Amino acid sequence: SPRRWTPNLPRLRGHRWTRWTHGLSPVIALTLQCWEGDIADAEQLTQLIADIEPERRSDVEFILSIRRGTEIKHAQTIINIAKEKFAVARILQCKGFATGWPASPNTMWLETQMRLSVLKRDGKIQANWALTFEPDCILLRPDWIALLQGDVNQANQLGKDVVGHAHYFVDQKNRMID
C-alpha cells in the first residue's frame, strides 16, 4: 500500500479541544496565517486590528502562523503590535515544505490546527475556538470580535464544535452565485 504523508508533529491520539461550558466567556484564538510575500500586509492588518480594539483583551489570543522560510524578525514586529491589545500573542512557524497555491496555505492551515491543539493540551493557550484568516481575506468592523464571540456562543449552545462561513461569488453582472 502507498505510504501516507503525515506532518512531523506530536501524535494527538484521542485529543479533542475542550469545549467551554455554558455561562463562561469563550476564549478565541485569532490566527493570522501569512508568508514572506504578504507579511507587510499582515503587519498592516494587525495594526488595524489593534487600532480598532478599544482596550486590551484577555478573552482573545492572537496567534501568527508563518510559513517556513519567513523571517522571525518580521513576525516579531507583528507580535509586538498584537501585544498592545491581546494578553497572549505568539508565533507559530510552520515546518511544512508545500509551495504554491493551494497546497502551501492548506498544509499551513492543517499544521496550525494541529499545533494549536498541542498548545491547548499543554496549557500554553486557553482558546477553545480559533478563527484562521489571511491578510487578504477578512472583513473588519469595530465590533467584529464581539460578533464572532456571539456566533461561537450560539454554536456552543447548539452543541456544535465548528463555526463556518459560506463563500459567495459574484458574476460579471454583480449577481451573487452560491
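First, a word on what this report is: a plain description of the structure on this page. (Residues numbered from 1 in each chain as written. Predicted model: local features only at pLDDT ≥ 70, side-chain atom pairs only at ≥ 80, totals over all residues. Heavy atoms only, no water.)

Structural notes on empty space enclosed by the protein
Reasoning step 1: Tallied over the entire structure, the rule returns one cavity of 30 Å³ or more.
Reasoning step 2: In this structure, the largest cavity spans a volume of roughly 40 Å³.
Reasoning step 3: Lining the largest cavity we find Arg67, Arg68, Cys94, Gly96, Ala98, Ser104, Thr107, Met108 and Glu111.
Reasoning step 4: Its residues placed into classes, the lining of the largest cavity shows three nonpolar, three polar and three charged. (1 Å grid on protein atoms, 1.4 Å probe; cavity = no way out; pocket = protein on both sides within 12 Å on 5 of 7 lines; lining within 4 Å. Points joined across faces, edges and corners; volume = space filled by probe spheres on them. Nonpolar A, V, L, I, M, F, W, Y, C, P; charged D, E, K, R; others polar.)

Overview of the pattern of salt bridges
Reasoning step 1: Taken as a whole and judged by the stated rule, the model has six salt bridges.
Reasoning step 2: Between Arg57 and Asp59 there is a salt bridge; the shortest N-O distance is 3.0 Å.
Reasoning step 3: On the basis of relative accessible area, Arg57 is assigned to the buried category, the value being 16%.
Reasoning step 4: Between Arg121 and Asp122 there is a salt bridge, and its shortest N-O distance comes to 3.1 Å.
Reasoning step 5: Given a relative accessible area of 43%, Asp122 falls into the partly exposed group.
Reasoning step 6: Overlapping salt bridges, with partners in common, bring together Glu53, Arg57 and Asp59 in one network. (Salt bridge = Lys/Arg side-chain N within 4 Å of Asp/Glu carboxyl O. Buried < 20%, exposed > 50% of the residue type's maximum accessible area, 1.4 Å probe, protein only.)

Focus: the packing of helix α1 (residues 39-52) against helix α2 (residues 72-82)
Reasoning step 1: For the pair α1 and α2, the least separation of the axes is 9 Å and the interaxial angle reads 5°. Judged on the interaxial angle alone, α2 and α1 are roughly parallel. Contacts from Ile39, Ala42, Glu43, Thr46, Gln47 and Ala50 in α1 reach His74, Ala75, Thr77, Ile78, Ile81 and Ala82 in α2.
Reasoning step 2: Residues that form the contact of α1 with α2 fall into these classes: seven nonpolar, four polar and one charged. (Axes fitted to C-alpha atoms, helices over the stretch in contact; angles between N-to-C directions. Helix = DSSP H or I, 4+ residues; strand = E, 2+ residues; numbered from the N terminus. Parallel < 35°, antiparallel > 145°, perpendicular 65-115°, else oblique. Contact = heavy atoms within 4.5 Å.)

Some details on the packing of aromatic side chains
Reasoning step 1: Inspection of every chain in the model, using the stated rule, returns two aromatic pairs.
Reasoning step 2: Look at Phe62 and Phe86: their rings are 6.0 Å apart centre to centre, the planes differ by 20°, and that puts the pair in the stacked class. Here Phe62 is found in strand β2 (residues 57-66), whereas its partner Phe86 is found in strand β3 (residues 86-93), with 24 residues between them in sequence.
Reasoning step 3: Judged by relative accessible area, Phe86 falls into the buried class, the value being 2%.
Reasoning step 4: For the ring pair Phe133 and Trp144, a centre distance of 6.3 Å and an interplane angle of 85° mean the geometry is edge-to-face. With a gap of 11 residues between them, Phe133 in strand β4 (residues 129-133) and Trp144 in helix α4 (residues 144-157) connect regions that are remote in the sequence. Note on accessibility: Phe133 and Trp144 belong to one class, buried. (Phe/Tyr/Trp six-rings, centres within 6.5 Å; stacked < 30°, edge-to-face > 60°.)

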